[in-house]
Amino acid sequence: MAITDWPEDERPRERLLKQGATALSDAELLAVFLRVGVRGQSAVDMARSLLQRFGSLTRLFAATAEEIGAVPGMGSAKYAQIQAVLEMSRRALREEMERPHAFNSPGAVRDYLRARLGGEPREVFLALWLDAQNRLIAAEELFRGTLTQTAVYPREVVKTALARNAAAVIFAHNHPSGVAEPSRADEQLTTALRQSLALVEVRVLDHFVVAGNAQPLSFSERGLL
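All values derive from a computational prediction rather than experimental measurement. (Residues numbered from 1 in each chain as written. Predicted model: local features only at pLDDT ≥ 70, side-chain atom pairs only at ≥ 80, totals over all residues. Heavy atoms only, no water.)

**Student:** So what about the overall build of the chain? Which residues, and what values?
**Tutor:** Broken down by element type, the chain carries 10 helices and five strands. Its C-alpha atoms give the chain principal-axis dimensions of about 65 × 35 × 30 Å. By residue count, 40% of the 225 residues in the chain fall in the buried class. Taking contacts inside the chain between residues at least 6 apart in sequence as the whole, the part at least 24 apart equals 56%. Total accessible area on the chain is roughly 12,500 Å²; 49% of this is exposed by carbon and sulfur atoms. Here the chain carries 27 positive and 27 negative side-chain charges, and the mean point of each set is 2 Å from the other. (Helix = DSSP H or I, 4+ residues; strand = E, 2+ residues; numbered from the N terminus. Buried < 20%, exposed > 50% of the residue type's maximum accessible area, 1.4 Å probe, protein only. Contact = heavy atoms within 4.5 Å. Areas by Shrake-Rupley, 256 points an atom, 1.4 Å probe, with all protein chains shown as cover. Lys, Arg positive; Asp, Glu negative; His and termini not counted. Charge placed at Lys NZ, Arg CZ, Asp CG, Glu CD.)

Shown next as structure tokens:
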């Protein structure tokens, strides 16, 4: 049955307009994005199939053009649309973070980091460089690693901090495994970075571990800083 044949109060688009986007499931939100399905499948059916195929929205959004194109009814145009939506979300979150008091809101930082790192298939180590008023100078990818680890060099991090004229920094890296729990190596690296940056008077405010759509874990809140 086509979605247009559904009762109006059950159609995803109409429900979104009346109740807001948060009232919709992942499949319903994806169906609104897809707009139409394929022969024998409504947009909602197709959305459910996509989520089952990729496992989650995060993995769907991280899929390559080839992986998206292999799904009937999808293709380069849909892949381009997905990437455009993702990039607009990242830029909107970045604009929010660039507001004077953005770093008084840990939620905004977490949302940005989840959007930036949640779908990465390899470990990425990111620095949010801040000025003396805790305003964002730059969000910068410092290192990109293998599926399981990233080589992070404190000396290079210190050089970058000085080049950015930063007064403080928030670090973040992702765990492609989907487990946000920090490892002993993560804790040792954070300690080494904090000690090295202290020599040039750059404060490490926090270090987040991002794992998919889960709530990014804060070292500061865990008492690890």
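Continuing now.
**Student:** Any chance you could break down the side chain of Ser218 for me, citing the residues and the numbers?
**Tutor:** Residue placement: Ser218 occurs in strand S5 (residues 217–218). From its side chain, Ser218 meets the backbone nitrogen of Glu221 in a polar contact 3.0 Å long. Not counting residues up to four positions away in its chain, the partners in contact with Ser218 are Arg110, Asp206, His207 and Phe208. (Polar contact = N/O pair within 3.5 Å; in protein donor to acceptor, adjacent residues only side chain to side chain.)

**Student:** Give a description of the side chain of Asn174 that names residues and reports values.
**Tutor:** Tracing the backbone through its elements, the reader meets Asn174 in strand S3 (residues 168–174). Here the side chain of Asn174 touches Arg122 through a polar contact of 3.0 Å, landing on its backbone oxygen. In terms of polar contacts, Asn174 uses its side chain to reach the backbone amide nitrogen of Val124, at 2.5 Å. Apart from the residues lying within four places of it in its own chain, the contact partners of Asn174 are Leu117, Glu120, Arg122, Glu123, Val124 and Val210.

**Student:** Give me the lowdown on the sheet that holds strand S4 (residues 203–210), citing residues and values where you can.
**Tutor:** As summarised here, the arrangement of the five strands in space is S2-S1-S3-S4-S5, forming an open sheet in which the pairing is mixed. The strands lining the two open edges of the sheet, one partner per strand, are strand S2 (136–144) and S5. Across seven bridges, strand S1 (residues 124–130) lies against S2 in antiparallel orientation. Residue pairing for S2: Val124 is matched across the bridge by Arg144. (Pairing = 2+ DSSP bridges.)

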